[in-house]
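Below are the chains, spelled out letter by letter.
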Amino acid sequence: LTQVISQELVKSENIWKRNMVGSRIKLIKMTDDPRPIEPGSEGTIKYIDDMSQIHVDWDNGRSLALIPGVDEYVIIPSEKTMENLDSFDEFKGKSR
């Protein structure tokens, strides 16, 4: 069973940065880039910078960051990520 985590679910920036690295991500739509990644492309989150941009190693060989609130995407967290998030009371019992 694959669970998907919404962009809105993770409210704590520290939890977000620590636990999303290594998770898979699927692009819905990238805007405002002269050479956008194709919609539907998937990749792995490499890191999240101080401006909360999500740096991704895309399966097509490219590396390009996503901008939360501008680009549209779905994060497919790893099993380890889900376990880590479940350890925080604010996430217990919430639908993903």
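Above this text sits the structure in question.
Residues numbered from 1 in each chain as written. Predicted model: local features only at pLDDT ≥ 70, side-chain atom pairs only at ≥ 80, totals over all residues. Heavy atoms only, no water.

Draft legend 1. A look at the environment of Lys29. By secondary structure assignment, the location of Lys29 is in strand S1 (residues 24-29). Relative accessible area serves as the criterion here: at 43%, Lys29 is assigned to the partly exposed category. The spacing of Lys29 and Gly40 is 11 residues in sequence and 8.0 Å in space, taken between C-alpha atoms. If sequence neighbours within four positions are ignored, Lys29 has contacts with Asp71 and Glu72. (Helix = DSSP H or I, 4+ residues; strand = E, 2+ residues; numbered from the N terminus. Buried < 20%, exposed > 50% of the residue type's maximum accessible area, 1.4 Å probe, protein only. Contact = heavy atoms within 4.5 Å.)

Draft legend 2. Region of interest: the sheet that holds S1. Sheet architecture is open: five strands sit in the order S4-S3-S2-S1-S5, paired in antiparallel fashion. Taken across any chain shown, the strands that pair with only one partner, and hence form the sheet edges, are strand S4 (63-66) and strand S5 (72-76). Between one strand axis and the next, the sheet turns through 40° on average, direction left out of account. Strand direction decides the pairing type here: S1 and strand S2 (residues 42-48), joined by three bridges, are antiparallel. Within S2, the position partnered with Lys26 by the bridge is Glu42. (Pairing = 2+ DSSP bridges. Axes fitted to C-alpha atoms, helices over the stretch in contact; angles between N-to-C directions.)

Read these as layout, nothing more, since geometry by itself doesn't imply function.
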